[in-house]
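Each chain is listed here by its residues.
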Amino acid sequence: MPRKIRELIQDLGKAGFYEIAGGKGSHRKFAHAKYPGAVTLSGKPGDDAKHYQENQVRRAIEEVLL
């Protein structure tokens, strides 16, 4: 069962990511001091996350925790 966008946002927040300006519409961008670039998530908080979004968030969190 796919996770929800809100769960991915919570995971990013727990790992120290913060939302930055620049997202349009339902897009949100998150940055971290140790992560180059930004993680972009699209969709409403209650929407199911796409497989690639889950992978992107997982890889970003792994990278900053190393």
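Residues numbered from 1 in each chain as written. Predicted model: local features only at pLDDT ≥ 70, side-chain atom pairs only at ≥ 80, totals over all residues. Heavy atoms only, no water.

## Details of the overall build of the chain
Reasoning step 1: A tally of helices and strands in the chain yields two helices and three strands.
Reasoning step 2: Seen in sequence order, the chain has helices and strands lined up from the N terminus as α-β-β-β-α.
Reasoning step 3: Radius of gyration (C-alpha) of the chain: 11 Å, near the 11 Å computed for a compact globule of 66 residues.
Reasoning step 4: Dimensions of the chain, computed from C-alpha atoms along their principal axes, come out at roughly 30 × 25 × 20 Å.
Reasoning step 5: Buried residues in the chain amount to 30% of all 66 residues.
Reasoning step 6: A separation threshold of at least 6 residues defines the contact pool for the chain, and within that pool the share at least 24 residues apart is 44%.
Reasoning step 7: Working note: accessible area of the chain is about 4400 Å², and carbon and sulfur atoms make up 53% of it.
Reasoning step 8: Distance between charge centres in the chain, computed from 12 positive and 8 negative side chains, equals 4 Å. (Helix = DSSP H or I, 4+ residues; strand = E, 2+ residues; numbered from the N terminus. Rg over C-alpha atoms; globule rule 2.2 N^0.38 Å. Buried < 20%, exposed > 50% of the residue type's maximum accessible area, 1.4 Å probe, protein only. Contact = heavy atoms within 4.5 Å. Areas by Shrake-Rupley, 256 points an atom, 1.4 Å probe, with all protein chains shown as cover. Lys, Arg positive; Asp, Glu negative; His and termini not counted. Charge placed at Lys NZ, Arg CZ, Asp CG, Glu CD.)

## Re the pairing of strand S3 (residues 35-42)
Reasoning step 1: Both strand S2 (residues 27-32) and S3 contribute to a ladder of five bridges, which runs antiparallel. Looking at S3, one finds that His27 is bridged to Ser42.
Reasoning step 2: Counted along the chain from S2 to the antiparallel partner S3, the turn is two residues long. (Pairing = 2+ DSSP bridges.)

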